[in-house]
Every structure is written in C-alpha cells, then in structure tokens.
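Residue-level structural notes
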Amino acid sequence: MTALTAIVGAAESDLGVTNASILTLQSQAITRALADAGLKISDVDGLATSGVSRFSATQVADYLGIQPSWCDSTFAGGSAYEMYVARASQAIAAGQASTIVISFASNQRSARSRSLGGVVESHTPEAQFESPYGPLYPLSYYAMAAQRYLHDYSLTRADLAQVAVLAREWALLNPKAYRHDAGPLTIDEVLAAPMISSPLTSADCCLVTDGGGAVVVTSLERARDLAKAPVQILGYGESTTNTSMSQVPLLPTGAAASGKAAFARAGLTPADVDVIALYDSFTITVLLSLEALGFCGPGEAAALVASDRVRPGGDLPLNTSGGGLAYCHPGQYGVLLLVEAVRQLRGEAGARQVPNPKVALAHGTGGILSTHATVLLGVDR
Amino acid sequence: MTDRVAPLSVHPIPDEITGPWWEATRESCLLLQRCVGCSHVQHYPRAMCTKCAGTDLEWIEAQGIGTIDSFTIVQRPPSPAFEVPYVIARVCLAEGPTMLTKIIDATDEELVCDATVSLDWEMLSDGHQLPIFRITNPQ
C-alpha cells in the first residue's frame, strides 16, 4: 500500500448521560468532525459506521441526507473503527471515495440497553454449547483470560487493579472524562468493589456510558490543504480469532498478529510509539494487549503499568483520555481511541497532552477477544 | 447422572448436525466428532472438519476426563434463572478439544488452573443433559 492517507477531522459527540438518540449523537460527532476538518457534509462520499441498526451505514447516510459511493458496516465490536481506517485508506487509494467519515455513537446508559448477560443469537453454536452454562458475555471470557494470566505469571488481582488506577489518574486530567471529578482511585478500592465474575470486580470493568465519535479520512495530498495539520495513517493490521469461548487458546490474543501486521506496514517498531491508546474493556485487556503488541515481554505488562513510564509525565503514556475504564465507554469504544490519538498528535489534549508525540498507536478489541485491529498514526513527515 | 437440574431457561435447540450429540446426552454419553479423513477430533459439532475441511465425520465417545484451562466464579447471573455463585470453566478434554462447561462441588483450594476433572451430568428440563465436570479426587 503506497497511497498515503490521513485523518483530517476528529470529534466526540456529547458523552456520559445524554438522554439523546443514537442518531442525534451520530450527527453531533459527524458534524463536529467535519467542522474540525473544515469540510462540508456535501464533501462526504464514504461512510463507515456500525451499531445503529441492521443497515447501519445506510441508515446514517439516509439520516445525513447523503448517497455515498462507498460504505462499510463490518461488525467487529470495538475493533471495527480501526478496521474501518484500513478499509477507508484502501478505498481512497483505489479511487472509490475521497472523503470518508468513520463514526459511532450509543445511548446505552440513557436507554439502559446494556445487559450483563449480553446477546447470544439462538441459532449460533454458542447458544447450544455455551449459553446453557450461564457465562456473562463478554465478561466471563475476559475473566477466564485473566485467571489464566494470573496463574501463568504468579500475579495477583492487585496487578489487574493497577490498570484501573492508572486510567483514573489520566481521567482526572480530562474534563470530558466520566470520572474526571471522582478523585484518585486506589488498588484497595478496586479489590473491594463487588466481584462480578472472578477475578474481575466491577472496578475492573469499563464504564457504561452514552457517547460517540467520528473521524474524517482523506488523501494525505488533499489533507495538506485543509484546516489542520494532517495526522498520517502510517499502518494498520487486524486479526479475527473466535466468537465462542472454547475454540482458541486464551493467551496470547489476536493482538499479536494485528500489531505485527501494523508495525510491518508502517515500517515501525513498538519503540517508535510515543502515545498508546488501547481498548480497555477490562483491566486484563490492557495487560494482554501491551504484551501482544510488543511493548513488553510475556508476563511483564503488570510491572510496566505499575511504573511511571505509562503515567502522566512518563515516556510511554497509556490511555491518556482515561480510557473506557474512566473516560467514556459507549459500547464500541474503538472510534474514541482514534479521536484521542489524533488530539495527542495535534497537541490538542490540554492538561493531559504528551510532549511533542510523533507516532500514536490505537488498538481496538471487539467481542470476547474476538477481533483485534491496530492503527499507527503519525504527524505529517 | 446426578439429580442436579439446570435452570428452566436453558433450552438448547439442536439442529441437523448437533441432534445426535444432544440425544446422546440422555444416556450420559459425551460425544465428540472425529474426521474420518484425518482423524482430527473436534467440539462443538460442525458440518466440516476444521483441520482438513473434510465432510465425512463420525462420533466417538469422550473418556470424560480433562484439565481446567481456566475458570471464573460468576457472582452476578445473566438471568435470575441462574443461582449464584457458580463456576464456569474451559476444560481441555483428553481427546484434544476444549469445551466450555461448569465445575461443581469444588473447594477454593481445589479450584485452580490445570486441575484434573472428570465428567458428570446436569439434567435439563427437556430430558437432555448438560455435561459438567468435578475435580478429580486425589488418590
């Protein structure tokens, strides 16, 4: 892939508890991202979105009043938005579209539409061979991955809890974060939170909030004529591994293949990354992703997360928005990883701004460690 | 077979591939699929072999022993039909496949990754049974 593409606009919808509809939140995210880019709705000829309805991209196109020449509603949970970046880049390179909006929004908190048990369709093998046992979907799968991880590396729940503590520390610097005013979190508080599916407590789990986001992708050449400095798409990779809870090993996750492909495409290594945005559906997800993506060796992520390197002021800032654990988690959080990475690379992140980052990594995870997609972004070079 | 009874909300719907598997549970028999072409053993049952894509598959009976790959104790149920706490686990069967299941009657000390387990059964309201496991008592 030699054609160069860039993200030129990025924005959030209203977040938290909005009492707004999904399509209102989608409209907020999209119109704000276009304004950020200095583009008009009539410029948009490509659209990628999910989680709206059965015909998600078609639905949003209809609502926006546009008739795109390219669309994508690949359903891959929280990793879909990193996948859309890859497909959007390819569509632009192939000349099928010139200006593509990637968006997501959910009102799951206002609408009380999230259930702990999750959704398993009755015609799937999981409905016959897994649901009868009563696992929480997706929580119990992450819990089993965590149990195995702690066993293999002789770690404890406190090592998981450190991830939630870190997320809260970053959230205190982000005025948009759901937990911005909640004060610091301690390991003891995480350990004392109600157990949901051992070893994960409620404090090991991401938030349930409303929210959404959008980014605008176009060619790097065109991006250089737009309102703000382009954020170049340097590389991407993905891996799809499982839907059921029994068919692949728990560790390592598909993030290993996804990250390897993204770094190879970009010609970069983990040592080149200045700011990291990982999908933190649960505390364990962050530890597994750090290792699979190559930021540390197997069993070393807990020590890394406990170090100053990933904290404000450190050289490997991790989940600077506060993440799904402390900032916002509207369900498919992946689009907000991209929004934060763009803001960091542009120097727009306010009190949580990382000094002069050149390369950012956004990594989405969907389902039960089912889908993994990595995007490497960089300042125009 | 035990007198354990699963929640009434559990109603697996067998199809043309999985029907024999569910029928065998009535006789406390845990079936696995074996590929006639390459001898690969798999679970859950499918219309094809995941190793060689062969479509000639036969049933074998599992020995009913395995090890716990991992587990979780569920404290908040997906529906009120499930009485908490209960233990969900991935069990690696001696024949190779891994299955999601439940572990019963395990103490905290016994319940660890890599523990050896053996097959037991839980009755479903429709006469099928659900394969579950218990920690194998040390001799």
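Just so it is clear, the structure is predicted and the values come from calculations on it, not from any experiment.

**Some words on the overall build of chain B**
What chain B contains, in helices and strands, is 1 helix and 8 strands. In sequence order, chain B lays out its α and β elements as α-β-β-β-β-β-β-β-β. Expected size for 139 residues packed as a compact globule is a radius of gyration near 14 Å; at 16 Å, chain B falls within 12% of this value. Once the C-alpha set of chain B is aligned to its principal axes, its extents read approximately 45 × 35 × 25 Å. Here chain B holds 139 residues, and the buried ones make up 35% of them. At a minimum sequence separation of 6, the contacts of chain B that also span at least 24 residues come to 50%.

**Some remarks on helix α10 (residues 255-266) of chain A**
Residue and element names in this part refer to chain A. Along its 12 residues, α10 runs 16 Å from first to last C-alpha, staying within 8% of the 16 Å computed at 1.5 Å per residue. Taken together, the buried positions of α10 are A255, S258, G259, A262, F263 and A266. An end-on view of α10 places all buried positions within 125° of arc, on one side of the element. Residues of α10 that are buried sit in contact with β8 (231-240), α11 (283-292), β10 (359-366) and β11 (371-379).

**Quick notes on helix α1 (residues 22-37) of chain A**
All names here are of chain A. Here α1 contains 16 residues, and its C-alpha end-to-end distance of 23 Å stays within 8% of the 22 Å for a straight helix at 1.5 Å per residue. Taken together, the buried positions of α1 are occupied by I22, L25, Q26, S27, Q28, A29, I30, A33, L34, D36 and A37. Each element contacted by the buried residues of α1 is listed here: β1 (5-12), α2 (56-64), β4 (100-106) and β7 (211-219). Downstream of α1 by a residue or two, G38 has a phi angle that is positive, lying close to 75°.

**Section: the sheet that holds strand β3 (residues 57-61) of chain B**
Spatially, 3 strands are ordered β2-β1-β3 (chain B) in an open sheet, and the strand pairing comes out antiparallel. Looking along the sheet, the strands with just one partner apiece sit at the ends: β2 (41-42) and β3 of chain B.

**Quick notes on the pairing of β4 of chain A**
Residues and elements named next belong to chain A. By the criterion of burial, β4 is predominantly enclosed, with 7 of the 7 residues buried. Burial of β4 is two-sided: the residues I100, I102, F104 and S106 facing one way and the residues V101, S103 and A105 facing the other way are all buried. Sheet analysis places strand β2 (residues 46-49) next to β4, joined by 4 bridges and oriented parallel. What sits directly across from G46, in β4, is I100. As paired elements, β4 and β7 share 7 bridges and run antiparallel to each other. Across the sheet, the residue bridging to A105 is G212, located in β7.

**As for the sheet that holds β2 of chain A**
Residue and element names in this part refer to chain A. The mixed open sheet is built from 9 strands, whose spatial order is β3-β2-β4-β7-β1-β8-β11-β10-β9. At either end of the open sheet lies a strand with only one pairing partner, and these are β3 (70-72) and β9 (275-278). Ignoring strand direction, the axes of neighbouring strands in this sheet form an average angle of 25°. The sheet contacts of helix α14 (residues 334-346) involve β1, β4, β7, β8, β9, β10 and β11, and relative to β1 the element is tilted by about 105°.

**A few points about the pairing of strand β1 (residues 31-35) of chain B**
Looking along a regular strand, one sees side chains alternate from face to face of the sheet. Residues and elements named next belong to chain B. With 4 of 5 residues buried, β1 lies mostly within the body of the structure. Here β1 pairs with β3 via 5 bridges, running antiparallel. By the bridge assignment, Q33 is partnered in β3 with W59. Two strands pair when backbone bridges link them, and β1 and β2 are joined in this way by 2 bridges, in the antiparallel orientation. The residue of β2 that forms the bridge with Q33 is Q42. Between β1 and β2, which follow one another and run antiparallel, lie 5 residues, and S39 among them has a positive phi close to 70°.

**Observations concerning the environment of E169 of chain A**
Residue and element names in this part refer to chain A. Here E169 is to be found in helix α7 (residues 157-171). Of the residues examined, E169 has 18 C-beta atoms within 10 Å and is grouped as partly exposed. When the C-alpha positions of E169 and G331 are compared, they lie 22 Å apart, and in sequence the two are 162 residues distant. Beyond its immediate sequence surroundings of up to four residues, E169 is in contact with P184, R311 and P312.

**Some thoughts on the nonpolar core**
Judged by nonpolar contacts, the single largest core of 149 residues is most densely connected at I7, A33, I100, I102, V215, L338 and L377 of chain A. Other than its neighbours up to four places away in sequence, A33 of chain A contacts G9, A10, A11, V101, A214, V215 and V216 of chain A. Formed by 5 residues, the second largest nonpolar core is a distinct cluster that contains W21, L30, L31 and L32 of chain B.

**Some remarks on the interface of chain B and chain A**
At the junction of the two partners, chain B supplies 29 residues and chain A supplies 25 residues. Contributing elements (two or more residues each) for the side of chain B that touches chain A: β4 (65-74), β5 (86-93) and β6 (98-104) of chain B. Considering every element that reaches the side of chain B that touches chain A, the biggest residue donor is β4 of chain B, with 6 residues.

**Some words on unusual backbone geometry**
Between H43 of chain B and Y44 of chain B the backbone carries a cis peptide bond, its omega angle lying at 5°. Relative to the elements of secondary structure, Y44 of chain B occurs in the loop between β2 and β3. Going from V84 of chain B to P85 of chain B, the amide bond is cis rather than trans, its omega being -10°. Tracing the sequence through the fold places P85 of chain B in the loop between β4 and β5. Residues other than glycine seldom take positive phi values, yet N319 of chain A does so here, at roughly 55°. Relative to the assigned elements, N319 of chain A resides in the loop between α12 (301-306) and α13 (323-326). You can call N319 of chain A buried: it has 27 C-beta atoms within 10 Å.

**Some remarks on the confidence of the model for chain B**
Scored by pLDDT, chain B comes out at a mean of 93, with 91% of its residues at no less than 70. At the level of chain-chain contacts, confidence expressed as ipTM amounts to 0.95, with global pTM at 0.97.

**Brief notes about the environment of W70 of chain A**
Residue and element names in this part refer to chain A. With respect to the helices, strands and loops of the structure, W70 is situated in strand β3. On a C-alpha basis, the gap between W70 and V231 in space is 22 Å, while along the polypeptide they are 161 residues apart. Other than its neighbours up to four places away in sequence, W70 contacts D45, G46, A91, Q96, A97 and I100.

Calculation notes
Residues numbered from 1 in each chain as written. Chains lettered and ligands numbered in written order. Predicted model: local features only at pLDDT ≥ 70, side-chain atom pairs only at ≥ 80, totals over all residues. Helix = DSSP H or I, 4+ residues; strand = E, 2+ residues; numbered from the N terminus. Rg over C-alpha atoms; globule rule 2.2 N^0.38 Å. Buried ≥ 20, exposed ≤ 12 C-beta atoms within 10 Å, placed from the backbone. Contact = placed C-beta atoms within 7 Å. Expected span 1.5 Å × (residues − 1). Arc of directions from axis to C-beta. Pairing = 2+ DSSP bridges. Axes fitted to C-alpha atoms, helices over the stretch in contact; angles between N-to-C directions. Core = buried A, V, L, I, M, F, W, Y, C linked by C-beta atoms within 7 Å. pLDDT = per-residue confidence, 0-100.

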